[in-house]
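Overview (structure and organization)
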Amino acid sequence: MTSTWYTLLVLAVAAERLAELVVARRNTRWSLARGGVESGRGHYPAMVALHTALLLGCLAEVRLAERPFPAVLGWAMAVVVVASQVLRWWCIRTLGPRWNTRVIVVPGLPRVTGGPYRWLSHPNYVAVAAEGLALPLVHGAWATALVFTALNAVLMVVRIRCEDGALGRLPAADAPA
């Protein structure tokens, strides 16, 4: 994979993130119209900055450090990137209008327990962690992978505590969504 193809891959991930923001904005309106309550506003800008830095770091490290494409690792990590996108969009589809990049909970709605939520409490964060490690490694950007993974782990502790607290105020689900 040449750096041109890698750049296109990173740009495709960036486009996917923009699509997420469009969905999130629509879902925010839906949730707020139904009395949704937002939690965790304080960490949201850090999350946006970290995810933006991931994309920029991938491109910068490959170019500035002249990272070569590690064929076996690179292709394996490309598969992980694609799998993380599949998992992310499975989460989005399962949560429907409740999915958001922000933590917004609509009172009175039960917790979703279907789809990937049947097995994991936070499958979207598995997708984020996998993508954050794999995307840089597709083209040997190991420093970006390490820095993102470490900072993301810290941020996910904050985010998951916030989300669990907000979701703890929901009624128990009687049936999978």
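For the structure itself, look to the data block above.
Attention in this report is confined to the structure presented alongside it. Model, not experiment: these values are computed from the prediction.

Re the nonpolar core
Within the largest apolar cluster, 25 residues are counted, with the highest numbers of intra-cluster contacts made by Tyr6, Val10, Cys58, Val81, Leu135 and Val138. Contributing elements (two or more residues each) for this core: helix H1 (3–33), helix H2 (44–64), helix H3 (71–95), helix H4 (123–137) and helix H5 (142–167). If you tally residues by element for this core, the top one is H2, at seven residues. Setting aside its immediate chain neighbours within four residues, leucine 135 contacts Tyr6, Leu9, Val10, Val13, Leu55, Cys58 and Val81. Ranked by size, the runner-up nonpolar core spans 10 residues in total, among them Leu87, Ile92, Leu95 and Trp99.

What about H3?
For H3, with 25 residues, the first-to-last C-alpha span of 36 Å sits near the 36 Å given by 1.5 Å per residue. Those residues of H3 lying buried are Gly74, Met77, Ala78, Val81, Ser84, Gln85, Leu87, Arg88, Cys91, Ile92, Thr94 and Leu95. Here the buried face of H3 lies against H1 and H4. Two residues or fewer past H3, glycine 96 is found with a positive phi of approximately 60°.

A few points about a nonpolar patch on the surface
Side chains of Trp90, Trp119, Leu120 and Val126 sit close together on the surface and give an oily, nonpolar patch of about 430 Å² of accessible area. When you line up the elements, leucine 120 lands in the loop between strand E2 (103–105) and H4. Using a relative accessible area of 38% as the deciding quantity, one classes leucine 120 as partly exposed.

Focus: the pattern of salt bridges
On inspection of all chains with the given rule, the structure shows 10 salt bridges. For arginine 88, the salt bridge identified is with glutamate 16, shortest N-O distance 3.9 Å. A residue pair is termed long-range when its members are at least 10 positions apart, and arginine 88 in helix H3 and glutamate 16 in helix H1 qualify at 72 residues. Close ionic contact of glutamate 61 with arginine 67 constitutes a salt bridge, the shortest N to O distance being 2.9 Å. Connected via shared salt-bridge partners are Glu16, Arg17, Glu20, Arg88 and Glu131.

The rules behind these values
- By convention here, each chain's residues receive numbers from 1 onward along its written sequence.
- In view of the model being predicted, local features appear only for residues whose pLDDT reaches at least 70, and side-chain atom pairs are presented and counted only at 80 or more, with totals across whole chains, interfaces and linings using the full set of residues.
- Only hydrogens and water are set aside; all other atoms, that is, all heavy atoms of the structure, feed into the side-chain values.
- Note on terminology: a nonpolar core comprises buried Ala, Val, Leu, Ile, Met, Phe, Trp, Tyr and Cys residues joined through side-chain atoms within 4.5 Å.
- Buried residues are those whose accessible area, probed at 1.4 Å on protein chains only, stays under 20% of the maximum for their type, while exposed residues exceed 50% and partly exposed ones sit between those limits.
- We count a stretch as a helix when DSSP gives it H or I for four or more residues in a row; a strand needs E for two or more, and each element gets its number in order from the N terminus.
- By definition in these notes, contact holds between two residues if any of their heavy atoms fall within 4.5 Å.
- Here a helix's expected span is defined as the number of its residues, less one, multiplied by 1.5 Å.
- Each patch is built from residues lacking any salt bridge and having more than 30% relative accessible area; the joining distance is 9 Å for like charges and 5 Å for nonpolar side chains (Val, Leu, Ile, Met, Phe, Trp, Tyr).
- In short, Shrake-Rupley with a 1.4 Å probe defines the accessible areas, and a residue's cover is counted only from the protein chains shown.
- Any carboxyl oxygen of Asp or Glu within 4 Å of a side-chain nitrogen of Lys or Arg constitutes a salt bridge here.

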